[in-house]
Amino acid sequence: MPARPNPPYPVFFSYAHIAGGDFDENPNRAFHTFFDDIGKMLYHLTTFGTDVAFADTSMRAGDSFQKVLFERLAQFRVFVPLLSLRYFESEWCGREWAAFEKRCKELGPASYPPIVPILWNGLEDLSLPEWFTERHLFDDSTQDSLYREHGFFGLQVLYRDDYHAMVYDLARRIGQVSKSADLPDGDPEQLRILPPRFGGSP
């Protein structure tokens, strides 16, 4: 049986936005830089094509954008949550995760879900829920001491060479996971009405 063709935006990045304030009008700047960097690496290290990755970069405003968001949630092949201080408090990230889990149920219990969780903040700074730590093991990248301590955000700020090396490694990992990912498509309207897996704030 031939492999299914990749949809537009086969990699979905799930990120908890930070509202701007007096001290930083654009606190999501580091994420936008990361998203550009990983997109370029995925383009060079996979066969996905030009529309390689999707992330909500507009705070999910308006019905028209939400329509696009759930269409992407219904089709992606690999789910990449950025584990940050605010991730598990975000209702929208909880909705994205609920859509992922709904589609994973069609895979059956024997299949490993196509998920690549990554550290945005350092591992010791995070309060990961027990259900996550029981089900989603990190790969060997967390053996890197700087990455484990600082996450991608800290590496970007403090250790640029290490940051770029980790972005390269992440793109390769996503590519490897995608080769065995056969996540069934979902129904955007059904995914839209699912309750969030977690979170109580946008």
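Structure's up top.
Residues numbered from 1 in each chain as written. Predicted model: local features only at pLDDT ≥ 70, side-chain atom pairs only at ≥ 80, totals over all residues. Heavy atoms only, no water.

I'd like a description of the overall build of the protein chain, backed by residues and values.
When you go through the protein chain residue by residue, the secondary structure sums to 7 helices and 4 strands. Counting from the amino terminus, helix and strand elements in the protein chain follow one another as β-α-β-α-β-α-β-α-α-α-α. In terms of overall dimensions, the protein chain is globule-like: its C-alpha atoms have a radius of gyration of 16 Å, near the 17 Å expected for 202 residues. Taking the principal axes of the C-alpha coordinates as reference, the protein chain spans close to 45 × 35 × 35 Å. For the protein chain, with 202 residues in total, the buried portion stands at 47%. Averaging the coordinates of the 20 positive side-chain charges in the protein chain and doing the same for the 29 negative ones gives two points 6 Å apart. (Helix = DSSP H or I, 4+ residues; strand = E, 2+ residues; numbered from the N terminus. Rg over C-alpha atoms; globule rule 2.2 N^0.38 Å. Buried < 20%, exposed > 50% of the residue type's maximum accessible area, 1.4 Å probe, protein only. Lys, Arg positive; Asp, Glu negative; His and termini not counted. Charge placed at Lys NZ, Arg CZ, Asp CG, Glu CD.)

I'd like to hear about the packing of aromatic side chains, residue by residue, with values.
Taken as a whole and judged by the stated rule, the model has 34 aromatic pairs. For the ring pair phenylalanine 88 and phenylalanine 198, a centre distance of 4.9 Å and an interplane angle of 55° mean the geometry is tilted. Residue phenylalanine 88 is found in the loop between β3 (78-83) and α3 (91-104), and its partner phenylalanine 198 is found in the segment after α7 (188-192); the two are separated by 110 residues along the sequence. Using a relative accessible area of 10% as the deciding quantity, one classes phenylalanine 198 as buried. Clustering of aromatic rings is evident, with ring pairs tying together Tyr9, Phe12, Phe54, Phe76, Phe79, Tyr87, Phe88, Trp97, Phe100, Trp131, Phe132 and Phe198. Over the ring of phenylalanine 76 we find arginine 103; its NZ or CZ atom is 4.7 Å from the centre of that ring. (Phe/Tyr/Trp six-rings, centres within 6.5 Å; stacked < 30°, edge-to-face > 60°. Lys NZ or Arg CZ within 6 Å of the ring centre and 35° of its normal.)

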